[in-house]
Amino acid sequence: PIQTDGEVFRRKYDISQNVKTLGLFFGSRHGEFWAIKEIFLNTVRILQVQYPNMHLIVPTLPHLESDVHHALSSIDCPVTIFSDPSQKWQSFAAMD
């Protein structure tokens, strides 16, 4: 069978086909990141109750990657964070 881009992305980053994936988009500027960070973290915590096997997929930009890693270190679920623009469209296809 033909593999979709989402399946390729999931295999590359070892994300099971059996888990729900959620994409988080923190924006491209530091101000956006700091303005929405706590809202996103609280939303993820709420969703974890409904989807305990959830996996976060977080495309970001190189200048925000460290901040994103630090913010999501308090979340108790698998997270894939990347700043490689060539993976962006494949990641979108892998998100539920």
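In the block above lies the structure referred to throughout.
Position labels on residues start from 1 in each chain and follow its written sequence. Reporting of local features is limited, given that this is a predicted model, to residues whose pLDDT is at least 70; pairs of side-chain atoms are given and counted only at 80 or more, and all residues count toward the totals for whole chains, interfaces and linings. No hydrogens and no water enter the side-chain calculation; it runs on all heavy atoms of the structure.

A word on the nonpolar core
Most often, soluble globular proteins keep nonpolar side chains buried together rather than apart. What we call a nonpolar core is a set of buried Ala, Val, Leu, Ile, Met, Phe, Trp, Tyr and Cys residues that are connected through their side-chain atoms within 4.5 Å. Summary of the burial criterion: residues with accessible area below 20% of their type's maximum are buried, those above 50% are exposed, and those between are partly exposed, where the area comes from a 1.4 Å probe applied to protein chains only. Counting 15 residues, the largest nonpolar core has Leu-24, Phe-26, Leu-56, Val-58, Val-68, Leu-72 and Ile-75 as its most contacted members. Helix numbers and strand numbers start at the N terminus; a helix is a DSSP run of H or I with at least 4 residues, a strand a run of E with at least 2. Mapped by element, the contributors of at least two residues to this core are helix 2 (30-50), strand 2 (55-59) and helix 3 (65-72). Sequence-distant contacts of Leu-56, that is, excluding residues within four places in its chain, are made with Leu-22, Leu-24, Val-44, Leu-72, Ile-75, Cys-77, Pro-78, Val-79 and Thr-80. With seven residues, the next largest nonpolar core counts Ile-15, Val-19, Ala-94 and Met-95 among its residues. Throughout, a contact is declared for two residues whenever any of their heavy atoms are within 4.5 Å.

With respect to the pairing of strand 2
Within strand 2, five of the five residues are buried, which leaves it mostly tucked inside the rest of the structure. Residues His-55, Ile-57 and Pro-59 line one face of strand 2 and the alternating positions Leu-56 and Val-58 line the opposite face, and both faces are buried. Viewed with both strands pointing away, a crossover whose connecting path from the first strand over the helix to the second turns clockwise is right-handed. Running through helix 2, the crossover from strand 1 (residues 21-23) to the neighbouring parallel element strand 2 is right-handed. Bridge analysis of strand 2 against strand 3 (residues 79-82) gives four bridges, and the strand direction is parallel. Counted as the bridge partner of Ile-57 is Thr-80 from strand 3. In short, DSSP must find at least two bridges between two strands for them to pair.

Thoughts on helix 3
Listed as buried for helix 3 are Val-68, Ala-71 and Leu-72. Seen along its axis, helix 3 keeps its buried residues to an arc of 90°; they face one direction. Opposite the buried face of helix 3, by more than 90 degrees, sit the exposed residues Ser-66 and His-70. On its buried face, helix 3 sits against helix 2, strand 2 and strand 3. By construction, the arc corresponds to the directions joining the helix axis to the C-beta atoms.

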